[in-house]
Amino acid sequence: MKFGTIFSVCAAAVAVLYGVLFSVTYPRVEITAGVVALCALLGVLTCVAVAGLWKLAVGGKA
Amino acid sequence: MPLFHPAIVTSLLVLGLPLLGVVASQAIAANECPCIATGNSCVRDLACEERRGAEGQARERAREEAEPYRQRGRGGLDFDGRVKSLNPTITTPSATPIPSPASRPVQPNLDVRARTPAPRGADQPLALPGSPQSGKGQARNGSPSPAGTAPAASDDRPPAAADGRSPASVPKGSERAAPASPRLRILETGYSHLSEFGKEAPGYGLYSYAILPSDSERAALFLAEVFREIPAIGDTSAQPSQLNIFYVPLRKDKEADFTAMLQTSRGDAAKLGAEYTKSFYDYRMARGLLDHICNPPDPSVLDLCNGDLSRGPYIFAYASAASHIEPVPPPYLFVDLSDVHERAFGEFLAAFQAQVKREDVSDQAKIKTLRLRILNIALTAADWVGPVQKAVADIARSAAGDDKK
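Each chain has its residues counted from 1, running along the sequence as written. Each chain is given a letter, starting from A, and each ligand a number, starting from 1, according to the order in which they appear as written. This being a predicted model, a pLDDT of at least 70 is required before a residue's local features are given, and a value of 80 or more before pairs of side-chain atoms are given or counted; all residues contribute to the totals for chains, interfaces and linings. Only hydrogens and water are removed before side-chain values are computed, so all heavy atoms of the structure are retained for them.

Novice: How do you make sense of the overall build of chain B when you look at a structure like this?
Specialist: For the purposes of this entry, the term helix denotes a DSSP run of H or I that reaches at least four residues, the term strand denotes a run of E that reaches at least two, and both are numbered from the N terminus. A count of helical and extended segments in chain B gives 10 helices and nine strands. Per-residue accessibility, obtained with a 1.4 Å probe over protein chains only, is compared with the maximum for each type, and a residue is labelled buried under 20%, exposed over 50%, and partly exposed between these values. Each of the 405 residues in chain B was classed as buried or not, and the buried ones make up 39%. Across chain B, every contact between residues at least 6 apart in sequence was considered, and the portion connecting residues at least 24 apart equals 73%. Residue burial considers only the protein chains on display, and all accessible areas are found by Shrake-Rupley using a 1.4 Å probe. Accessible surface for chain B amounts to roughly 22300 Å². Of this, 57% is attributable to carbon and sulfur atoms. Residue contacts follow a heavy-atom distance rule, with two residues in contact if any of their heavy atoms lie within 4.5 Å.

Novice: Before we go on, may I ask you to explain the overall build of chain A in this structure?
Specialist: Scanning chain A for helices and strands turns up two helices and zero strands. Each of the 62 residues in chain A was classed as buried or not, and the buried ones make up 24%. Here chain A displays about 4300 Å² of accessible surface, and carbon together with sulfur accounts for 77% of that area.

Novice: I'm lost on the interface of chain B and chain A in this one. Help?
Specialist: Often the size quoted for an interface is simply the accessible area lost on bringing the parts together. Counting residues at the interface gives 14 residues for chain B and 13 residues for chain A. Each of two parts loses accessible area, computed with a 1.4 Å probe, when they are put together; buried area is these two losses added. Around 1100 Å² of area is buried between chain B and chain A when both sides are counted, 68% of it from carbon and sulfur atoms. If you sort the residues of chain B by the area they bury against chain A, Arg343, Glu347 and Val385 of chain B come out on top, with a joint share of 40%. We define a salt bridge as a side-chain nitrogen of Lys or Arg found within 4 Å of a carboxyl oxygen belonging to Asp or Glu. On the surface where chain B and chain A come into contact, there are two salt bridges. Here Arg28 of chain A and Glu347 of chain B are joined by a salt bridge, their closest N and O atoms 3.9 Å apart. Whenever two N or O atoms come within 3.5 Å, that pair is a polar contact, provided that in protein one can donate a hydrogen and the other can accept it, and provided that, for residues adjacent in sequence, both atoms are side-chain atoms. Scanning the region where chain B abuts chain A turns up six residue pairs in polar contact (both at pLDDT 80 or more). Examining the composition of the side of chain B that touches chain A, we find that nine residues originate from one element, helix H10 (residues 370-404) of chain B, more than from any other. Gly falls in the polar group here, along with every residue not listed as nonpolar (Ala, Val, Leu, Ile, Met, Phe, Trp, Tyr, Cys, Pro) or charged (Asp, Glu, Lys, Arg). By residue class, the composition of the side of chain B that touches chain A is eight nonpolar, two polar and four charged.

Novice: Would you explain unusual backbone geometry in this entry?
Specialist: Note: most residues except glycine have negative phi, and most peptide bonds are trans. Residues and elements named next belong to chain B. For the bond running from Asn295 to Pro296, omega is -5°, close enough to zero to count as cis. In this structure, Pro296 sits in the loop between helix H7 (283-293) and helix H8 (302-306). For the peptide bond that leads from Gly312 to Pro313, omega is -5°, which places it in the cis range. For Pro313, the location among the structural elements is in the loop between H8 and strand S8 (314-318). For Leu309, which is not a glycine, the phi torsion comes out positive at approximately 55°. With respect to the helices and strands, the residue Leu309 is situated in the loop between H8 and S8. Taking the relative accessible area as the measure of exposure, Leu309 reaches 16% and is therefore buried. Despite not being glycine, Gln364 has its phi angle at roughly 60°, a positive value. According to the relative accessible area criterion, Gln364 is buried, its value standing at 13%.

Novice: What's the story with the environment of Ser300 of chain B in this structure? I'm lost.
Specialist: Residues and elements named next belong to chain B. Along the polypeptide, Ser300 turns up in the loop between H7 and H8. Overall, the relative accessible area of 59% leaves Ser300 in the exposed class. Here the alpha-carbon distance between Ser300 and Pro330, two residues 30 residues apart in the chain, equals 9.0 Å. A polar atom in the side chain of Ser300 sits 2.6 Å from the side chain of Asp298.

Novice: I keep staring at the pairing of strand S7 (residues 243-249) of chain B and nothing clicks. Help me out?
Specialist: Looking along a regular strand, one sees side chains alternate from face to face of the sheet. Residues and elements named next belong to chain B. Burial analysis of S7 places seven of its seven residues in the buried class, which makes it a mostly covered element. Residues Leu243, Ile245, Tyr247 and Pro249 of S7 are buried on one face, and the alternating residues Asn244, Phe246 and Val248, pointing to the opposite face, are buried as well. Paired strands are those between which DSSP finds at least two bridges. Looking at chain direction, strand S5 (residues 188-194) and S7 are connected through seven bridges and run parallel. Paired with Gly190 across the bridge in S7 is Ile245. As paired elements, strand S6 (residues 206-211) and S7 share four bridges and run parallel to each other. When the bridges of S7 are listed, Tyr207 appears paired with Ile245. Handedness of the crossover joining S6 and S7 through helix H4 (residues 217-229) is recorded here as right-handed. Seen with its strands pointing away from the viewer, a crossover is right-handed if its path from the first strand over the helix to the second goes clockwise.

Novice: Mind showing me how you'd approach the packing of aromatic side chains here?
Specialist: The description of an aromatic ring pair rests on the distance of the ring centres and on the angle between the ring planes. Residue and element names in this part refer to chain B. Aromatic pairs are defined between Phe, Tyr and Trp rings, using the six-membered ring for Trp, whenever the two ring centres lie within 6.5 Å; interplanar angles under 30 degrees are classed as stacked, those over 60 as edge-to-face, and all others as tilted. Enumeration according to the criterion identifies 20 aromatic pairs over all chains in this entry. Ring centres 5.1 Å apart and planes at 65° place the aromatic pair Tyr191 and Phe227 in the edge-to-face group. With Tyr191 in strand S5 and Phe227 in helix H4, this residue pair connects regions lying 36 residues apart in the sequence. Here Tyr191 falls in the buried class, since its relative accessible area comes to 1%. Taking the centre distance of 5.4 Å and the plane angle of 70° together, the rings of Phe258 and Phe280 count as edge-to-face. Of this pair, Phe258 sits in helix H5 (residues 255-265) while Phe280 sits in helix H6 (residues 269-280); the two residues are 22 residues apart in sequence, bridging distant segments of the chain.

Novice: Sorry if this is basic, but what is going on with the packing of H4 of chain B against helix H9 (residues 345-355) of chain B here?
Specialist: Helix packing for two helices is described by the angle between their axes and how far apart those axes are. All names here are of chain B. One can describe the packing of H4 onto H9 by two numbers: an axis separation of 9 Å at closest approach and a directional angle of 50°. The orientation of H4 with respect to H9, classified from their angle, is oblique. Once H4 is placed against H9, the crossing between them reads as right-handed. Along its contact with H4, which presents Arg218, Leu221, Phe222, Glu225, Val226 and Glu229, the element H9 presents Phe345, Gly346, Leu349 and Gln353. For the contact of H4 with H9, a count of residues per class yields five nonpolar, two polar and three charged. Inter-axis angles, ranging from 0 to 180 degrees, are taken between N-to-C directions of lines fitted to C-alpha atoms, where helices are fitted over the stretch in contact. To sort the angles, those under 35 degrees are grouped as roughly parallel, those over 145 as roughly antiparallel, those from 65 to 115 as roughly perpendicular, and the leftovers as oblique. If you view the pair so one helix is near and one far, a crossing is left-handed when the near helix is turned anticlockwise from the far one by less than a right angle, and right-handed when it is turned clockwise.

Taken by themselves, the reported measurements are silent on function.
Encoded structure:
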C-alpha cells in the first residue's frame, strides 16, 4: 500500500478521534465547520509528526 | 524539733480555740435557737425552732426551684441575671450589647463552610395582597419563563421584584445589604428579570447579575445561552435560600412588551436573546452595576475597572442584593467573559453554575480551568482555519492561473 494512502487514512482516523474527544469534553459547544477543519488539520499534523518520528527512529537504525 | 513541743501546742490552743468559738457561735446564730435559761437549767425555745425550721424549708424550696437552671449550665439563666453563652467558659453579661444584624458590618459570607441553616424567610417582606407581585408565577419571576410555563411558586418563596417598598425608601447599603445569617449551599440557579435598582426579591441564597455594557452580537449570543442553559426561577425547585437568582436587567417601560414578545418567541432562545439585547435589556442599569463594583474597586477587579469596561459580558454574583450597594464590599464573584469565544458561553455558564455551588463561591476554581482555556483557544483557532483554507485555495488558484498564462 502506498504511503500516501496510509497517511490519509491515519490522518482521517486521528481527526475523527479529536472530534469525538472535543464533543465529549465540551458537550455544549456546537461542532461547526471550523471545528471539523481544525480537527482535520490537527489529525494531519499529528500524523506528520508520527511519521517524522518513525522515519527518524527506523531510518537511524537502518 | 519534736512535734509536741510545748510552744507548738500552746500556739495551736491559742489560735484554735478562739477560731472554734467563732465558728460555733456563727452556727448557733444561724441555725439554732438559744435556750431559755430557767434557774440552773436551759429549756428549748420551741417557737424559735419552729420559725427557724420554716425558714430552712423555704430556703430549700428556693434551691430546688433554681436547680434546673443550674443543672442546665450552658445557655441558661444564672441567678445573677446573666445569660450564659453556649461556651461554658464564657459568660456574656446582659449589660453587653449584642449587635443587631443591621449594625453589623456589610461583609456577606460567600464561604459556606461551617454554615448553619438560616431561618427561612427571616427578612422576607410580605407580598402586598392583591398586587400583581403576589401572584405565584409572576411573583417570583417578574415575568414568565421564555416558554411561558413558569410553574406556581410555593408560598414561602419571596415575591419577585417588589417588596412593597419604593426604591427611595430602601436605604443605600442598608440592612438588606448583608444577610444576617450564614448561607446554605446553593443547589440551583434560575434567571429572572430586574426592572429597577434595588428591586431584587429578598431571601435568595445568592444574587447574580448578567452585565452587558452595550448592544452587540456577543451580548445577544450570551443572553441566548442564558435563556437556553439556565431555567427560569419559577422552574426551580430548591428553597429560595439555596437558590442563585440570576438577574437580567429589563427596561421598566418595556415590561408589557416583553411579556408579549415571550409569547411570540415560543421558547426560541436565540430569537429571545437577540430581541432582548435589542429592545429590552437595560444597559443603563448594567453600567450602574459596574459603577457600583468599581467605585472604588477591590484589588481583585482593579485592572478590570481601570479598563474601558465596554466589552463583556460580565457576571457578578454576591451574597445579597447588590444593585443598591455602593461600593460593593468583597468577597464576590466577578466573571469577565470579554476574552471568551461566543460559542464557549454555554460552557462558561455551566461552569458558573457549578462555581456557585462550591463552598467558596468567589475562588473561580470551576471557571479558570485548563479545560475552558483549551476550549477558548480551540474555538478561536477553528475560526482561523476557514479563512486560512480559503486563502491557501485562492493562492493556489492564482498560482495555477499564472502558470497557464
